[in-house]
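# Coordinate inspection notes
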Amino acid sequence: MKKHLNKISKTSALLDKRGWAEANAGNISLRIGNISNNYYKKYQLGELKNFQKTFTHLSNQVIIVTGAGTRMRDVKRKPERYLFILKINEAGNMFQQIISNKTNKNLKPTSELISHLYIHNMLLANKREERSIVHTHPANLIALSHIQKFCNQDAINNLLWSIQPETVVLANEGIAFIPYQLTGSEKLAIETTKALEKHRVALWEKHGCIAIGKSPEKAFDLIDVLEKSAFIFFIYKNAGYNVEGINDIKQKKMRRHFKI
Ligand code: 13P
Ligand code: ZN
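This write-up is about the structure you can find in this document. Keep in mind that what you see is a predicted model, and the values were worked out from it rather than measured.

### What to know about the environment of Tyr118
Its location among the elements puts Tyr118 in helix H4 (residues 113-125). For Tyr118, a relative accessible area of 16% gives the class buried. Here Tyr118 is in contact with Lys53, Phe55, Glu186, Ala189, Ile190 and Thr193, once residues within four sequence places are set aside.

Next up, the structure:
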């Protein structure tokens, strides 16, 4: 279990270092799968709680999530204390907290749990390789989502790809754009899950980013490269320039070269 907790704390440290984690901003989850019952002998299990929803593909899954209201800088320091380990029941509609002697029993799972559950359920249903979800608040991408002309998928991707080759190569299917929805709502979870069937990263209008990856760090990388494009955009804008960027022909050539 420790190695899984450490994977999350390593990424929470990166979010903190990037300055995307003001107060309790952001949340992370990592699905560690269906662990044998023997494993729980050294742990206690908390009371059974209802999801008010059935996630059939999450039957018997164990998922680690950051606690509601926790700071990324605290997760980095004390992962056992600020991470919540959920063991989901056979039916996929209830969960228990897996408790060790370092666990904070007052901790609640992230307020965005509904999005994490919907997405993990979809990833398993579609036999996808991603097991991690990172939600964070990168300032430059959020700023772009306040500008009307970039509040559509084609416009924002054409801009971000035109800024640096890395974005074309690493984020080749682009970022999904999710129009504003209430934080922590099921509607946000449903819209995001639909979008992530064809993407690995989505931008929540006027809120932040959510990405999936094989590991939390892979999901972080994807947001990092997109945020860098947005950052460069504001640098040249602030310097008073409108630039052409990498044009369509050059982008197409790059895609052919990297077979993407
Ligand atoms: P939590 O602290 O509940 O995870 O919320 C942080 C956040 O970013 C909500 O969108
Ligand atoms: Zn958020």
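That shown, we press on.
### Here's the deal with the coordination of the zinc ion (ligand 2)
Note on the zinc ion (ligand 2): its protein donors are His135 (NE2), His137 (NE2) and His207 (NE2). The metal-donor distances range over 2.1 Å. In the primary sequence, the donor residues of the zinc ion (ligand 2) line up as H-x1-H-x69-H. Of this pair, His137 sits in the loop between strand S7 (132-136) and helix H5 (139-144) while His207 sits in the loop between strand S9 (201-204) and strand S10 (208-213); the two residues are 70 residues apart in sequence, bridging distant segments of the chain. The exposure class of His207 is buried, given its relative accessible area of 12%.

### What to know about the pattern of salt bridges
If charged atoms from side chains of opposite charge come close, those side chains can pair. Per the counting criterion, the structure on display carries 13 salt bridges. Among the salt bridges present, the one from Lys53 reaches Glu186, with a minimum N-O distance of 2.9 Å. One end of the pair, Lys53, is in the loop between strand S3 (49-50) and strand S4 (62-66); the other, Glu186, is in helix H8 (residues 186-195), with 133 residues separating them in the sequence. When salt bridges that share partners are traced, they join Lys2, Glu80 and Lys102 into one network.

Cut-offs applied
Residues numbered from 1 in each chain as written. Chains lettered and ligands numbered in written order. Predicted model: local features only at pLDDT ≥ 70, side-chain atom pairs only at ≥ 80, totals over all residues. Heavy atoms only, no water. Helix = DSSP H or I, 4+ residues; strand = E, 2+ residues; numbered from the N terminus. Buried < 20%, exposed > 50% of the residue type's maximum accessible area, 1.4 Å probe, protein only. Contact = heavy atoms within 4.5 Å. Donors = N, O, S within 2.8 Å, 3.2 Å for Na, K, Ca; no water. Salt bridge = Lys/Arg side-chain N within 4 Å of Asp/Glu carboxyl O.

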